[in-house]
Amino acid sequence: MIQESAAFTPQFGASAIARILWLIPAVPILASGVIALMKQPQRKPAATLAIGSLSFSLLLSLIAFGHVLAGWAHSAVVRETVNFAWFHFGRTSVDLGWVLDPLAAIMLVMVSFVGLLIFIYSVGYMAHDENYTRFFCFLSLFAGAMLGVVISNSILLLFMCWEIVGLTSYLLIGFWYQKPSAAAAAKKAFITTRFGDVFFLLGIVWLFAQTGTLLFYNHGVGSLEGLALANLLTQHAGLGLSAACAIGLLIFAGAAGKSGQLPLHVWLPDAMEGPTPVSALIHAATMVAAGVYLIARVYPLMQIGAGPNGSTTALTVVAWVGAATAVFAALIAVAQDDIKRILAYSTISQLGYMMAGLALGGVAVGMFHLITHAFFKALLFLGAGSVIHGCHEEQDIRKMGCLRVDMPFTFITYAIGMLALCGFPIFFSGFWSKDGILEAAHSWNISQVPFYLLAFGALLTAFYMTRQVCYVFFGYWRGHETAHESPGVMILPMVILAFFAMALGLIGTPAWPWLHAFLDNHAAPFSFHGFAEPGLGWLMLASSLIVFLGLGLGWKFYGDKSPEPEEPDVLEKSTPKVWAALRNRLYVDEFYGATVIAFYAWWARVADWLDRRVWGGIVAAVAWLFGLWARFNRLLDVEWVDGSFDKTCDELSSGGGLLARVQSGRVQDYLRILAVAVIVLAAILLWSSRP
Amino acid sequence: MNAMTTGFPILTLLTVLPLIGAVIALFAGRHARAVAIITALVCLIVSLIIWTRLPADGSIGLVELHNWAPSLGVEYHLGVDGLGALMLVLSAIVTLMSIDAAHRVHHMPGLFFGLVLMLEAGLFGSFTALNFFHWFLFWELSLIPAFFLIKLWGGPRRGPAATQFLVYTMAGSVALLVSFLAVFLSTGGANAPGTMDFVELAQLASSGVLTQMVTAHLGAVMPWLAIGVLAGFAVKVPLMPFHTWLPAAYAEAPSPVTMLLTGAMSKMGVYGLLRIAIPVFGVQIAAMRTPLLVLAVITVVMGAWAAAAQKDLKRVFAYSSVNHLGYCLLAIFALAVPAPGAAAQASQAAALNGVILQMFNHGLTAATIFWFMAIIQMRSGGLRGIDDFGGLRKPAPILAGLMGIALFSSLGLPGLNSFVSEFLIFRGVFPLSWVAATISVLGLLITAAVLLTVIQKVFNGPVPEHWAKFPDLHHAEWMALAPVIILMFLVGLVPQVILGNINPTAVHLLAHWRF
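Residues numbered from 1 in each chain as written. Chains lettered and ligands numbered in written order. Predicted model: local features only at pLDDT ≥ 70, side-chain atom pairs only at ≥ 80, totals over all residues.

1. Quick word on the overall build of chain B
At step 1: Counting its regular elements, chain B contains 20 helices and three strands.
At step 2: For 515 residues, the compact-globule estimate of 2.2 N^0.38 gives 24 Å, and chain B sits close to it at 22 Å.
At step 3: By its C-alpha atoms, chain B is 75 × 55 × 40 Å across when sized along the principal axes.
At step 4: Within chain B, buried positions represent 65% of all 515 residues. (Helix = DSSP H or I, 4+ residues; strand = E, 2+ residues; numbered from the N terminus. Rg over C-alpha atoms; globule rule 2.2 N^0.38 Å. Buried ≥ 20, exposed ≤ 12 C-beta atoms within 10 Å, placed from the backbone.)

Right, dumping it as structure tokens:
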């Protein structure tokens, strides 16, 4: 008997597109369910269904985006929510819901568009894999869950989608499960991110308990709206923090796990064990950016109670972690030889930029870099996939070379992606989005250290990308079989992404900061006066020089030289110790192995030992005493105690794992007792049921 | 109380049905399994009917009340609320699954299935009884078939395991019995017998009269009586350090029996805490809340951690069960606190809803995991070491996929059943005791590590040559399991199907408890 069914109460103010927004994640999830029931040989229907469903989501996303855009242009309502009660406990309801606002709209379009391109690319890349249908099943589930994260208006719904995204990441990293390294990497990814997620969960239950709602926006009573925020700000959580700040930090722990921030970044490089389209979609463009998106979503919570310096403790932590991650990962990327691992460390580093951008400059600054990065990093990964494919599954950049001749399309698109990532001035989107972050860091009035860290990171980025491109596309060929260009179905998505890697810069230049205006909900007039802001010109010049310096140094060291695979790296010859440390990823994995993992294993053994020896020992001792007592009694009572009963007693009393002898046991005796018990019970029941 | 009954005695019917089935099965020889399946199916249907006939306000319904032995204060008093009814449904599901898993019982099948059904009767009896005497009879009665099922059909070290199981639980029962005798003696007057009725005792306790009565008769022993009652349940659930019987019993019992032990019998302990210990000894338990919370946190964390050290898959899942039921204990002890104010009451409601749903979810999920263990052992000639397998996903993709769902349910993945109850538990516990909640989340993390290690070692990696032909689930097998998997998704996605009945009961219980 269901008394209060999960009442579905759409807000009637919501527009049609807002009301059907749930279809955007639901359709790919449904498609994934259908594909799961398909058989292995049904490859074409599986791919068609996955691509078709995501196209549908893209279409709806574009309509939703257009709707928000129209509202924004007319300065009308830009945030619509649809909420409903999932279930109740006590008098409290557990609410889920979705939201359509500029932040969600732009992310929806990005995720479904980049996702669709990578789906198409996968048709070519995975063409020879025997588990092709399963691949599209997982990919569809991922896309649906990720789109769910984007539209969630309830932190619980967001967390649920977030965890399912984590599951698909686990399944896809371990897609080639027969490789022990892939299976181990999948596990590592899941557990490392879950480490952050348990804090996130605590943040959620705290927020829920404190504000009484799980919804972000709910006509003034959501957790990100005035009343709740004021309440959270006045609650003290100890250590001089407000509840808002403490909850913000707990949520950031979850974001740090997902987005590979220090010190939880260790899973992301290993995640490269997954197929390359997965690396592009999940571990570069979308899922790892979900942490950044989460912080952007709960920004009012992070920001509430900002002091005179414009920052809160929570945001300050985010800024420092982001800046440190940006440099730390960029340093490691310099000394890696696996084409995908270089990109993985680069992703970690860029996620650091996004986090720092959010904390230092606000939602728009971080989100702008998130969007541009999604395009150029997806492009780079698809390019890397094309290279790996062309070089017969080789991933070591020292065993490549001169591919600009054999793979011209890959080379051109890859070069565009690389320049965008480096932040090459004017023509590439990365320049504008990174410049926004540097500018924000420069004007932060708590410390200038993050600015210098981020600027140094920019130098390193230009350097390691040049090194990689020189190894892969210049010099001469050092592989075995000749490389070949990839099929059109793989090239086409790369070309489209390359276009956006350049063009997207237009939406966030100082002259026309459209994205900032859109996300902050104000008008965006076009004006070159934007460049006239004091200091901005110098900053842009400086950041351009940094990029040129990085490119120049990279070319100087690696240029057209093509060292043999066995030959040590140029930098290794000059600074072998530093090189070794960087190459070994600054020993973070080793450090965790010696501390966290060793403690885990040791404490597990302690738990087991306590069980077997201490608690089990006490039980055994008690059992032994009882056994003694029973034997003593037996000596006295042997004359008149029924044999079978006594035997049973003895059997019972000699309990305890260590002492109990394995007795054959006379089954008949036990059964006799059992039968008597049943008959007695039946008699009692019959007797008692008389009127 | 006068004899009264409302309508058809469906609860008595439910308890008697498996007993009849048991007798038939005893003489049915090789048809015993069929008899058992039919009986269990009928029981499931009856239990579902009961589930739909509960009073809307969450109080106890379907009451059957007759005089039994008035001079001893014993009445035949049955009734269920949302909590009891959910346990009936769970017991029926788990028993059916267990019988389904027991494919190949060649050794005395009649007796095996007879005992399983007798155990089911014990479960039904104890989840419907509202008088201590009656309840205690079934509580003990369910032990006997469990003991023989382990003793006669168990693994190589079954003897000590069965004995330890029985002696340990008996010791707990003695403490329980002594406490209730004391209560019985104290509640009696000069010429009226005392009471053993749970409803009456709960009323006496919530008005504070019970403590006065006991103190008047026996002195200030109420805390000791509470400890005695807690000891009985602590062994059954179990609460660390009263759990040492469990790993051996779960591991040595044949897997279908382990399903019953963990899926249904462990719930008798949690149920007892909610039906008996908290209503009657709420004040005393609230006074001992801190040490009890410490033990519950230890159970959650160390249970998960001990699972990480095991090499025997059944022991891994046994300790994992300790961890999962630890969340129930955590929530029960956390909510045992006087709660003025709506915020604290909301947290209590969250915790109690979480406990009851977690009982169901754990029963379902743990039984499913041991169902798979039965399947795996049957196909591998009884092997159950974590390192005995590898790469099984290749030859047995359906097995790997469905067991993977069960394992992810166990580690609390959203969209599956356990997430909802664990979320509710943490929602409830965090405001009531943030330290306990914060340490206990470690259990969530370690459980994930443990279960993913199982998947990694059993299903992933290269396939050893001798497992290259490991048979996948065949139609009959996965079709038997499909409803359970669907139920996991259903509870995970639409928890209202269960919470709709549970929440009124939780609210009703909380309104009557006194801490």
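The discussion continues.
2. Things to note about the UniProt feature "domain: NADH:quinone oxidoreductase/Mrp antiporter transmembrane" (unreviewed entry) in chain A
At step 1: Here the UniProt feature "domain: NADH:quinone oxidoreductase/Mrp antiporter transmembrane" (unreviewed entry) sits at residues 152-449 of chain A.
At step 2: Between the first and last C-alpha atoms of residues 152-449 of chain A the distance is 35 Å; the span itself is 70% helix and 0% strand. (UniProt positions renumbered as here; feature names shortened; annotations may be inferred.)

3. Remarks on the UniProt feature "domain: NADH-Ubiquinone oxidoreductase (complex I) chain 5 N-terminal" (unreviewed entry) in chain A
At step 1: The sites that UniProt annotates as "domain: NADH-Ubiquinone oxidoreductase (complex I) chain 5 N-terminal" (unreviewed entry) are residues 86-136 of chain A.
At step 2: The span residues 86-136 of chain A is 57% helix and 25% strand, and its two end C-alpha atoms sit 30 Å from each other.

4. Here's the deal with the environment of B:Ala202
Residues and elements named next belong to chain B.
At step 1: Inspection of the secondary structure puts Ala 202 in helix H8 (residues 198-206).
At step 2: Under the C-beta neighbour-count criterion, Ala 202 is labelled buried, with 22 such atoms within 10 Å.
At step 3: It is 21 Å that separates the C-alpha atoms of Ala 202 and Phe 138, two residues lying 64 residues apart in sequence.
At step 4: If near-sequence neighbours (up to four positions away) are discounted, Ala 202 is found in contact with Pro 279, Val 280 and His 512. (Contact = placed C-beta atoms within 7 Å.)

5. Focus on unusual backbone geometry
At step 1: Geometrically, the link from A:Leu262 to A:Pro263 is a cis peptide bond, its omega value of -5 degrees lying close to zero.
At step 2: Structurally, A:Pro263 can be placed in the loop between helix H9 (243-258) and helix H10 (267-270).
At step 3: In this model, A:Leu586 sits at a positive phi of 55 degrees, which is unusual for a non-glycine residue.
At step 4: Positionally, A:Leu586 belongs in the loop between helix H25 (576-583) and helix H26 (588-637).
At step 5: Look at A:Leu586 and you get partly exposed, because 15 C-beta atoms sit within 10 Å.
At step 6: A positive phi is found at B:Leu62, a non-glycine position, where the angle reads about 55 degrees.
At step 7: Tracing the backbone through its elements, the reader meets B:Leu62 in strand E2 (residues 61-69).
At step 8: A residue is classified by how many C-beta atoms lie within 10 Å of it, and B:Leu62, with 23 of them, is buried.

6. Focus: the domain arrangement of chain A
At step 1: Taken domain by domain, chain A consists of domain 1 (158-589) and domain 2 (594-666).
At step 2: Computed over C-alpha atoms only, the centres of domain 1 of chain A and domain 2 of chain A are separated by 59 Å. (Domains from an automatic or database assignment.)

7. So, the environment of A:Tyr476
At step 1: With respect to the helices, strands and loops of the structure, A:Tyr476 is situated in the loop between helix H20 (449-473) and helix H21 (488-503).
At step 2: Sequence-wise, A:Tyr476 and A:Cys402 are 74 residues apart; in three dimensions their C-alpha atoms are separated by 4.8 Å.

8. Considering helix H6 (residues 143-153) of chain B
In an α-helix there are 3.6 residues to a turn, and that puts residues three or four apart on one side.
At step 1: Counting buried residues in H6(B) gives nine out of 11 residues, a clear majority hidden from the surface.
At step 2: Listed as buried for H6(B) are B:Leu143, B:Pro145, B:Ala146, B:Phe147, B:Phe148, B:Leu149, B:Ile150, B:Lys151 and B:Trp153.

9. A closer look at the pairing of E2(B)
All names here are of chain B.
At step 1: Here six bridges tie E2 to strand E3 (residues 74-80), and the two strands are oriented antiparallel to one another. Bridge assignment links His 66 to a residue of E3, and that residue is Tyr 76.
At step 2: Linking E2 to E3, which pair antiparallel, is a turn of four residues; within it Gly 73 sits at a positive phi near 70 degrees. (Pairing = 2+ DSSP bridges.)

10. Section: the interface of chain A and chain B
At step 1: Across the contact, 59 residues belong to chain A and 65 residues belong to chain B.
At step 2: Every element with two or more residues in the side of chain A that touches chain B is listed here: strand E1 (80-89), helix H6 (155-173), helix H7 (180-211), H26, helix H27 (643-653) and helix H28 (667-688) of chain A.
At step 3: Sorting elements by how many residues they give to the side of chain A that touches chain B places H7(A) first, with 15 residues.

11. As for the pairing of strand E2 (residues 92-100) of chain A
Residue and element names in this part refer to chain A.
At step 1: Taking burial as the measure, the nine residues of E2 include eight buried ones, the bulk of the element.
At step 2: Direction of pairing for E1 relative to E2: antiparallel, over a ladder of nine bridges. Looking at E2, one finds that Thr 81 is bridged to Val 99.
At step 3: Hairpin geometry of E1 and E2 is characterised by an intervening segment of two residues between the two adjacent antiparallel strands and by a positive phi of about 55 degrees at Gly 90.

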